[in-house]
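# Structural overview
The lines below spell out each chain.
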Amino acid sequence: MTLKEKIQQLPNKPGVYQYFDKNGHLLYVGKAKNLANRVKSYWQFNPKLCANAQLSMRITKMINQTTSMDYIVVNSEHDALILENSLIKQLNPKYNILLRDDKTYPYIYIDNSQEYPRFDITRKVIKSKDISYWGPYSVGARDILNSIYDICKLVQKKACLKSKKLCLYYQIDKCLGPCELPISKERYAKELALATSLIKNKKLLISKLQEKMEFYAEELRFEEAAQLRDTMERIARSEIKSEIDFATNENYDIFVIESSSTRAVVVKIFMRHGKIISSSHEYINLHEGLDTNELYSRALLGFYKDKKPPIVAPLLIGEDFEDKTLIQDYLTNIFEQKAQIIIPQRGKKKDVIALAKLNAAELLKRDKETLNTKILQEIQELCQLQKIPNRVEVFDNSHMSGVATVGAMIVYENGKFDKKAYRTYHLHVKDEYGQMRETLTRRVESFNKSSPPDLWILDGGATLLKLAIDILESNGINLDIIAISKEKVDAKAHRAKGKAQDIIYTKEDIFRLKTSDKRLQWVQNLRDEAHRSAIGFHKKTKLKLDQESKLLSLHGISPAKVQKLLNHYGTFEALKNVTFDDISSLLNAKDAKTIKKFYK
């Protein structure tokens, strides 16, 4: 069936459609209340199939590259919205805008039904009418909580009251000791009131921490003073500075978007009881131009997901967008009450939007100053990548004669290594080809939680590159890949810094660049960081294996039997959960009894 015939036979039902280019690469995922009407709006059918003249330049470019399409029928427009969002996150289509910041933000809460309530952190609604929440906090929630317990004499840990005995916290004057002493509710309530005022008023909290820091400095306790300094910095960093005060108890979640030709920034501000309590931002790469509707839709879907937030607030946004009503209806279901998406036109709400836009513009300006795009553009041009590789994942594996087999993934984003995003894997396969397949497959399986990057780099040659291409294509994922293999000197990998003439492989070409070439050095730098991560995790794993192997040997299990167990089950962690019968079948009943007793 031709593309024209498929479009003309589309059903008048809600669903999701996908456009593909001549190479089968996914270009775009869209949703529709009526598939036939929506998809046909992109095209003109006379005299031949071509892009509708009313389309934007971005969408016209996409339609001109489209050679085939597919679609999925669903029950409602609401279902189409959810499916579209999920597919975009996992498949990374070329013309869709992908937001990566979909983490949940923490709240501080207290359960007032407890005899002696205490504060804690949550990321979800806790079913109780006696719960009070503060937040969300983009950063600093744990610092605020720790500071509260350092200043106020509250029950410090959940298990404290169960012990019925005074502990160290009482001895160092950080708890009133209600576990054993007859502390009145009124006395405890004073500490709760102080803690609550500190949570609500960051200036007051930072002021008290400042006093404590100065005391530590005077006492020459410089390490503790430095820790408090860092804590204050994190607490202060969680919000945009503003003198705006609604002088009411109004709550608002504020979202605005500003963009340049290649980058956009989403700014999120959270106002509670009339005051700004925290803020955050996320940069988005505009590979194929700006789509305001998609940006606002992705930002709101990514933040609220499918769970009711602990505090439901009206939303203030910077401008109208096409799917506002659809998103509002979706959020109404999530919030279990009417969701409000408001575009302020006057007053203090308009002032908050102006403040958010001002900060967004400043963030874009600062981003332009710090982001090193020249080398990334050169890499894109050399390797014929679809996108500028602002976010890159690099993979390497490590083992020693099949023992302590591990994989590592490092992440490079916006000119620096994102160490919080690094991942390591315990692998079961013994050969290097199988190890890379296992590592990449496990990463693909996690795309629903953490979206694909702009580029994969593999430590390996053409064989591993083809393996990665096959894995991605079999899962319908649109992602650029390159591989770098080490130059061989006397049949050994040559790692001399600045002298190794490594080979870069792409889907179409092989490059042997000069050792002075900045593009080669950039790829080498990322590959070497992945190698360092893999080697470090391998050594750590090997040490743990050696220690457990020695302990088992002391209990009569020979090294040969330990190796047999590891070859079969992969890791000691897996061995802990194996049944007595399974171990008996591999070794014998006596050894199985020894091993189960050892781990018990």
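Structure first, text after, so check above.
Scope of this entry: the structure provided in the associated data block. Predicted model only: the values in this text are computed from it and were never measured.

### Examining the overall build of the protein
Summing up its helical and strand segments, the protein has 21 helices and 23 strands in all. Residues classed as buried in the protein amount to 49% of the 600 residues present. Intrachain contacts of the protein at a sequence separation of at least 6 include 62% that bridge at least 24 residues. In the structure as shown, the protein presents an accessible area of about 30,600 Å², 50% of it carried by carbon and sulfur atoms. Across the protein, the 98 positively charged side chains and the 76 negatively charged ones have centroids separated by 3 Å.

### Let's talk about the sheet that holds strand β5 (residues 68-73)
Sheets are built from strands that pair by backbone hydrogen bonding, the pairs being arranged parallel or antiparallel. Strand order in this open sheet of three strands is β2-β1-β5, and the pairing throughout is antiparallel. Each edge of the open sheet carries a strand with a single partner, namely β2 (26-32) and β5. Neighbouring strand axes in the sheet, compared pairwise and without regard to direction, differ in orientation by 15° on average. Bridging between strand β1 (residues 15-20) and β2 involves six bridges; their strand directions are antiparallel. Bridging across to β2, tyrosine 19 finds its partner in tyrosine 28.

### What to know about unusual backbone geometry
Of note, the bond from glycine 135 into proline 136 is cis; its omega dihedral lies within 30 degrees of zero at 5°. Examined against the element boundaries, proline 136 turns out to sit in the loop between β8 (131-134) and α5 (141-151). The residue aspartate 173 is not glycine, and still its phi comes out positive at about 65°. With respect to the secondary-structure elements, aspartate 173 resides in the loop between α7 (168-171) and α8 (185-200). The exposure class assigned to aspartate 173 is partly exposed, which follows from its relative accessible area of 48%. A positive phi is found at asparagine 414, a non-glycine position, where the angle reads about 50°. Relative to the assigned elements, asparagine 414 resides in the loop between β15 (403-413) and β16 (416-417).

Cut-offs and rules
- Residues numbered from 1 in each chain as written.
- Predicted model: local features only at pLDDT ≥ 70, side-chain atom pairs only at ≥ 80, totals over all residues.
- Heavy atoms only, no water.
- Helix = DSSP H or I, 4+ residues; strand = E, 2+ residues; numbered from the N terminus.
- Buried < 20%, exposed > 50% of the residue type's maximum accessible area, 1.4 Å probe, protein only.
- Contact = heavy atoms within 4.5 Å.
- Areas by Shrake-Rupley, 256 points an atom, 1.4 Å probe, with all protein chains shown as cover.
- Lys, Arg positive; Asp, Glu negative; His and termini not counted.
- Charge placed at Lys NZ, Arg CZ, Asp CG, Glu CD.
- Pairing = 2+ DSSP bridges.
- Axes fitted to C-alpha atoms, helices over the stretch in contact; angles between N-to-C directions.

None of the figures reported here should be taken as evidence of function without further support.
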